[in-house]
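# Residue-level structural notes
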Amino acid sequence: PPPTLGSSRTMTLSPVDPVEEVRGEVLVLFHCQDVPVPRHTLGKVDWYLAGAVSRVAVDGKFTGGVGSAALFHPSGKFQVEKILVLGLGPRAGVNASTLQSAARHLRSLLHDLHARDVRIVVPDSPDTRAQAVIDLLSATLRTLGEQSAAPPTITFLAYEDEGRPGSSGQAR
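Let me sum up the structure you'll find in this document. (Residues numbered from 1 in each chain as written. Predicted model: local features only at pLDDT ≥ 70, side-chain atom pairs only at ≥ 80, totals over all residues. Heavy atoms only, no water.)

## What about the overall build of the protein?
Each helix and strand in the protein was counted, giving 4 helices and 6 strands. Starting at the N terminus and ending at the C terminus, the protein contains elements arranged as β-β-α-α-β-β-α-β-α-β. The burial tally for the protein puts 49% of its 172 residues in the buried class. Once local pairs closer than 6 in sequence are excluded, the contacts in the protein between residues at least 24 apart make up 66%. Roughly 8000 Å² of accessible area belongs to the protein as shown, and the carbon and sulfur atoms make up 51% of that amount. (Helix = DSSP H or I, 4+ residues; strand = E, 2+ residues; numbered from the N terminus. Buried < 20%, exposed > 50% of the residue type's maximum accessible area, 1.4 Å probe, protein only. Contact = heavy atoms within 4.5 Å. Areas by Shrake-Rupley, 256 points an atom, 1.4 Å probe, with all protein chains shown as cover.)

What follows is the structure, encoded as structure tokens:
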């Protein structure tokens with residue numbers, strides 16, 4: 001399975017399913033403020049949702065800025081119940097600090113959603129390797145559900161089309 005953070009706190013790497021076949025409760029993706037239209041995996045999600053992500057951006061309801069988020073209910077088009085898109089700010093500014101801020105925001109949102117089974121598409125970061133991004137997000141999300149008898153399962157999905165070199169659909 002892909003890298004997972006859950007009750008066992010172990011991570012492994014292996015091929016990932018196409019995004020439309022990923023199973024779970026919440027699918028999390030990221031979007032940069034200065035990217036005019038969703039690209040890569042988020043672009044595919046937007047296409048399946050008939051442009052819903054693009055529409056909320058055009059309507060000004062989701063800017064892609066740090067601290068912004070949009071929640072979608074895919075109505076059977078995906079194997080997840082909810083799709084959550086978080087803003088990362090300008091793409092060139094995505095760094096460890098931005099990712100930690102996004103992880104704190106994500107932790108709060110997942111707590112509010114009472115999420116138990118989460119899939120996170122690892123965001124593209126110009127200055128940070130995919131594994132370092134996973135480590136950064138994991139460190140912050142570790143406290144999610146700490147008070148619960150069964151902490152949520154969090155699985156990281158790293159697709160090569162997020163701007164990183166590699167084989168299509170492979171976990172990194």
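## Overview of unusual backbone geometry
Positive phi outside glycine occurs at H40, with the angle close to 55°. Relative to the helices and strands, H40 is located in helix α1 (residues 40-48). Within the chain, S75 stands out as a residue other than glycine whose phi angle is a positive 50°. With respect to the helices, strands and loops of the structure, S75 is situated in the loop between β3 (69-72) and β4 (79-87). On the accessibility criterion, S75 (67% relative accessible area) is exposed.

## Remarks on the environment of T140
Residue position: T140 is located in helix α4 (residues 130-141). You can call T140 buried: its relative accessible area is 13%. Separated by 37 residues in the primary sequence, T140 and A103 have C-alpha atoms spaced 6.0 Å apart. Among residues more than four places away in sequence, those in contact with T140 are A103, R104 and R107.

## Some points on the nonpolar core
Within the largest apolar cluster, 28 residues are counted, with the highest numbers of intra-cluster contacts made by V28, F30, L106, L110, I120 and F156. Secondary structure elements with two or more residues in this core: β2 (23-31), β4, α3 (96-113), β5 (117-121), α4 and β6 (153-157). In terms of residue count, α4 provides more of this core than any other element does, 6 residues in total. Those residues in contact with I120 that sit more than four places away from it in its chain are V28, F30, L106, L137, L141, I154, T155, F156 and L157. Grouped together as the second largest cluster of nonpolar side chains are 20 residues, L29, V45, V56 and L157 included. (Core = buried A, V, L, I, M, F, W, Y, C linked by side-chain atoms within 4.5 Å.)

## Concerning α4
The first and last C-alpha atoms of α4 sit 16 Å apart over 12 residues, in line with the 16 Å expected at 1.5 Å per residue. If you check which residues of α4 are buried, you get A130, V133, I134, L136, L137, S138, T140 and L141. (Expected span 1.5 Å × (residues − 1).)

## Comments concerning the packing of α3 against α4
Interhelical geometry of α3 versus α4 gives an angle of 40° and a closest axis separation of 9 Å. It follows from the interaxial angle that α3 and α4 lie oblique. Judged by the twist between their axes, the crossing of α3 over α4 is right-handed. Contacts between α3 and α4 involve A96, L99, Q100, A103, R104, L106 and R107 on the former and, on the latter, V133, L136, L137, T140 and L141. For the contact of α3 with α4, the per-class residue count stands at 8 nonpolar, 2 polar and 2 charged. (Axes fitted to C-alpha atoms, helices over the stretch in contact; angles between N-to-C directions. Parallel < 35°, antiparallel > 145°, perpendicular 65-115°, else oblique. Left-handed = near helix turned anticlockwise from the far one by under 90°. Nonpolar A, V, L, I, M, F, W, Y, C, P; charged D, E, K, R; others polar.)

These figures come from the coordinates and say nothing about function on their own.
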